[in-house]
Number of protein chains: 2
Amino acid sequence: MPWLAPTPKNQVVNEICDRIWLAVVQRTLRPGTRLKEEDLAEIFGATRARVRQALALLEQDGLVTLSPNRGACIAEPGIEEAHDAFATRLHVEQRLVTRLCRKITAEQVVTLRAHVARERAAHQAGDSEAMIRLSGEFHMLIATLAEGELLHRILRTLTIRTSLITAMYQARSAQTCGPDEHARIVDAIAARDEVTAIAEMTHHMQHLEAELDLSDQNQPAAGLRSALLGRG
Amino acid sequence: MPWLAPTPKNQVVNEICDRIWLAVVQRTLRPGTRLKEEDLAEIFGATRARVRQALALLEQDGLVTLSPNRGACIAEPGIEEAHDAFATRLHVEQRLVTRLCRKITAEQVVTLRAHVARERAAHQAGDSEAMIRLSGEFHMLIATLAEGELLHRILRTLTIRTSLITAMYQARSAQTCGPDEHARIVDAIAARDEVTAIAEMTHHMQHLEAELDLSDQNQPAAGLRSALLGRG
DNA sequence: GTCGACAAAAACGTCGACAATATTGCCTGT
DNA sequence: ACAGGCAATATTGTCGACGTTTTTGTCGAC
């Protein structure tokens, strides 16, 4: 998570969280992967206590599951949870866009356009890591400008979760959404056209979800029983 | 928080969280109170590590603020955040009620009615602690029955935050809402009457917020400067 | 030959002590 | 007498080590 909490001391913990998050969305770390504390501690050159803090934060964000005395694994949201996450996030995004349309300033429009420009640059440069980060930050920027601290936090968690789901279920090659849809959302917001802005945002989210393969067959094995028995 | 996470081992941490939460909503612990780790450790007979875990969780829920090298204080949400919390919670509650209206079963109605009956019993018995707990659990029960894990978690946080705000700003004597409004909400849900259910829930939340004194004058001092200078 | 139990190893959870940092009271210089 | 700096204290942050639980490999009995 590049967003939130850049406190100077906890920076190590955030670094760990960020790396794990990035590895997940880049599909380097597959869901279900076991995360041993000592290994992580050695990898990041940190102590186990720090790793433990990071894992606790990641659990709050739903990126890892933390079983008592069993350790941490990358979370494996099922299709049910996937639909739930997208539906909830869509609802929050719609609300944020509506609010932003009503209070947007010219200066904020410049900020949004600048961000989209950065996205475009990363897209053309083929910098996949920057594209991933900027794509997420775009939505967080909307939340920031919309001025709702709570909705901001909520959207942060939902964005992380949908990122995991996208990395988990996306069928085709890692086709992260281009900046065009973001640009159209910004246009609508800049024009203070609420209904168009909502429509664009809805289309954007549905497009994101539609690219996933959320059929039952590749649901992760809940306890490997159904995985090996063909889940009759 | 009586709700969530009854793991056998972390029970100590939850106990600490619960006690602190209860003390806050009962106005025994005022917002802004400094929470020294060693004191809490001795009070609860736990070690400082456990207290630290509890404080970290409470910070996630927005009940305490955690400043680096400064320790923990009971959070002091301003009137802006108060309105934000109530508005967001209202929105979530409306969504949950809508969803529940569409999928409610007879058995679930029985569960809801039984809960309201317990509220009524506690109300007549004058058990204020039980009233507080059951009032919160009523809304969480709705979220549970509505079957949205994410909305459930979101509402949990929002409920905790509004509890803090209520304890902080409520003007009259601790008049926690009687079970009557809850009963009417249940009636509407049982009848699958979405619009009435939403209306009742909205009325309930507005009633809760209306009883607070959210005028600027008793906003907590942001740095005591405005507190002592009369905040010109 | 297979099943059950036991023991060893590994990983997590916990604790106490040490170091870093902020606050506070005091002292000195002007 | 007051201001500024300094030292003492109190509190938090961090670390390494130990106890506990889970897992796994092995042995013995039926």
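Now for a description of the structure that goes with this document. Counting restarts for each chain, with residues numbered from 1 along the sequence as it is written. For this description, chains carry letters from A and ligands carry numbers from 1, given in the order in which they are written. In view of the model being predicted, local features appear only for residues whose pLDDT reaches at least 70, and side-chain atom pairs are presented and counted only at 80 or more, with totals across whole chains, interfaces and linings using the full set of residues. Side-chain figures throughout are based on the complete set of non-hydrogen atoms in the structure, without hydrogens or water.

### Quick notes on the relation of the copies chain B and chain A
Each of the two chain copies can be generated from the other by rotation about an axis followed by a shift along it. Rules: Copy-to-copy superposition: least squares on the C-alpha atoms, limited to residues that have pLDDT of at least 70 in both copies. In this analysis, two residues are considered to be in contact whenever any of their non-hydrogen atoms come within 4.5 Å of each other.
Overlaying chain B with chain A gives an RMSD of 0.0 Å, the required rotation being 180° about an axis along which the chain moves by 0.0 Å. Between the two chains, the operation in question is that of a two-fold axis. Residues of chain B ranked by C-alpha distance from the rotation axis are headed by Ile154 of chain B, positioned 3.6 Å from it. Of the residues that chain B buries at the interface, 100% are likewise interface residues in chain A, meaning the two copies contact each other through the same surface.

### Focus on the interface of chain B and chain A
Operational definition: By buried area we mean the combined loss of accessible area, with a 1.4 Å probe, across both parts when two parts are placed together. Put simply, a salt bridge is a Lys or Arg side-chain nitrogen that is within 4 Å of an Asp or Glu carboxyl oxygen. Contacts described as polar in this section are N or O atom pairs within 3.5 Å, which, within protein, must combine one atom able to donate a hydrogen with one able to accept it, while residues neighboring in sequence count only if both atoms come from side chains. Classes in brief: Ala, Val, Leu, Ile, Met, Phe, Trp, Tyr, Cys and Pro nonpolar; Asp, Glu, Lys and Arg charged; the others, Gly included, polar.
At the junction of the two partners, chain B supplies 17 residues and chain A supplies 17 residues. For the pair chain B and chain A, the two sides together bury roughly 1700 Å², of which 56% comes from carbon and sulfur. Counting every contact that joins chain B to chain A gives zero salt bridges. If you look at where chain B meets chain A, you find nine residue pairs in polar contact (both at pLDDT 80 or more). Of the residues that constitute the side of chain B that touches chain A, the class distribution is seven nonpolar, four polar and six charged.

### A look at the protein's contact with DNA strand C
Condition: Put simply, a residue is near a molecule or strand once any heavy atom of it comes within 4 Å of that molecule or strand. Put simply, DSSP H or I for four residues or longer makes a helix, DSSP E for two residues or longer makes a strand, and each gets a number counted from the N terminus.
Around DNA strand C sit 17 residues, and of these Arg48, Arg52 and Asn69 of chain A together with Thr47 and Arg50 of chain B come closest. Sugar and phosphate atoms represent 79% of those atoms of DNA strand C found within 4 Å of the protein. Lys36 of chain A places a side-chain nitrogen or oxygen 3.2 Å from a phosphate oxygen of DNA strand C. Looking at the surface near DNA strand C, the elements with two or more residues in it are strand E1 (34-35), helix H2 (37-44) and helix H3 (48-60) of chain A together with helix H3 (48-60) of chain B.

### Let's talk about the pattern of salt bridges
All names here are of chain A. Note the following rule: Type-normalised accessible area, obtained with a 1.4 Å probe on protein chains alone, sets the label of each residue: buried when under 20%, exposed when over 50%, and partly exposed for intermediate values.
In this structure the tally under the stated criterion is 24 salt bridges over all chains. Salt-bridge contacts for Asp18 lead to Arg133; the nearest nitrogen and oxygen are separated by 2.8 Å. Of this pair, Asp18 sits in helix H1 (residues 11-25) while Arg133 sits in helix H6 (residues 128-146), and the two are 115 residues apart along the sequence. For Asp18, a relative accessible area of 11% corresponds to the buried category. Residue classification places Arg133 among the buried positions, given a relative accessible area of 16%. The partner of Asp180 in a salt bridge is Arg120, and the shortest N-O contact between them spans 3.2 Å.

### Re the pairing of strand E2 (residues 64-67) of chain B
Residue and element names in this part refer to chain B. Keep this limit in mind: Strands pair, by our definition, only if DSSP identifies at least two bridges between them.
By the bridge criterion, four bridges tie E2 to strand E3 (residues 71-74) in an arrangement that is antiparallel. Residue Thr65 lies in a different strand from E3, and its bridge partner there is Cys73. Where E2 folds back onto E3 in an antiparallel hairpin, the turn is made up of three residues, including Asn69, whose phi is positive at roughly 65°.

### Here's the deal with a negative patch on the surface
Here is the rule we go by: Residues with no salt bridge and a relative accessible area higher than 30% make up the patches, which join like charges within 9 Å and nonpolar side chains (Val, Leu, Ile, Met, Phe, Trp, Tyr) within 5 Å. All accessibility values rest on the Shrake-Rupley procedure with a 1.4 Å probe; residue burial counts only the protein chains present in the view. Charge assignment: positive for Lys and Arg, negative for Asp and Glu; neither His nor the chain ends contribute. Working definition for charges: the position is that of NZ of Lys, CZ of Arg, CG of Asp or CD of Glu.
Together, Glu80 and Glu81 of chain A together with Glu147 and Glu149 of chain B line one region of the surface with negative charge. Mapped onto the elements, Glu147 of chain B comes out in the loop between helix H6 (128-146) and helix H7 (149-169). With relative accessibility at 55%, the residue Glu147 of chain B sits in the exposed group.

### Quick word on the nonpolar core
Within soluble globular proteins, side chains that are nonpolar generally end up buried alongside one another. Under the convention used in this document: Take the buried residues of types Ala, Val, Leu, Ile, Met, Phe, Trp, Tyr and Cys, join any two whose side-chain atoms come within 4.5 Å, and each joined set is a nonpolar core.
Residues Leu112, Ile142 and Ile189 of chain A together with Leu112, Ile142 and Ile189 of chain B are the most contacted members of the largest nonpolar core, which totals 82 residues. Setting aside residues no more than four positions away along its own chain, Ile142 of chain B makes contact with Leu96, Leu100, Leu112, Ile185, Ile189 and Met201 of chain B.

### Topic: the sheet that holds strand E1 (residues 34-35) of chain B
Judged by pairing direction, the sheet is antiparallel, and its three strands sit side by side in the order E1-E3-E2 (chain B) without closing on themselves. Of all the strands in the sheet, the pair left with one neighbour each is E1 and E2 of chain B.

### Digging into the protein's contact with DNA strand D
Around DNA strand D sit 14 residues in total, of which Thr47, Arg50 and Arg70 of chain A together with Lys36 and Arg48 of chain B are the nearest. The protein-proximal atoms of DNA strand D, defined as those within 4 Å of the protein, are 71% sugar or phosphate. The backbone of Glu37 of chain B places a nitrogen or oxygen atom 3.4 Å from a phosphate oxygen of DNA strand D. Elements represented by at least two residues in the surface near DNA strand D include exactly E1 and H3 of chain B.

### So, helix H9 (residues 194-210) of chain A
Convention followed: Expected span of a helix: the number of residues minus one, times 1.5 Å.
If you check H9 of chain A, its first and last C-alpha atoms are 24 Å apart, about what 17 residues at 1.5 Å a residue would give, namely 24 Å. Every buried residue belonging to H9 of chain A is among Ala197, Glu200, Met201, Thr202, His204, Met205 and Leu208 of chain A, and all of these are buried.

### A short note on the packing of helix H7 (residues 149-169) of chain A against helix H4 (residues 79-103) of chain B
The geometry of a pair of packed helices is captured by two quantities: the angle between their axes and the separation between those axes. Here is the rule we go by: For helices, the axis comes from a line fit to the C-alpha atoms of the stretch in contact; other axes are also lines fit to C-alpha atoms, and the angle between any two N-to-C directions lies between 0 and 180 degrees. Angle categories: roughly parallel below 35 degrees, roughly antiparallel above 145, roughly perpendicular from 65 to 115, and oblique for all the rest.
At a minimum axis separation of 8 Å, H7 of chain A and H4 of chain B run at an interaxial angle of 50°. One way to sum up the angle between H7 of chain A and H4 of chain B is to call them oblique. Residues Glu149, Leu150, Leu151 and Ile154 of chain A of H7 of chain A lie in contact with H4 of chain B, whose contacting residues are Asp84, Ala85 and Thr88 of chain B. Grouping the constituent residues of the contact of H7 of chain A with H4 of chain B by class yields four nonpolar, one polar and two charged.

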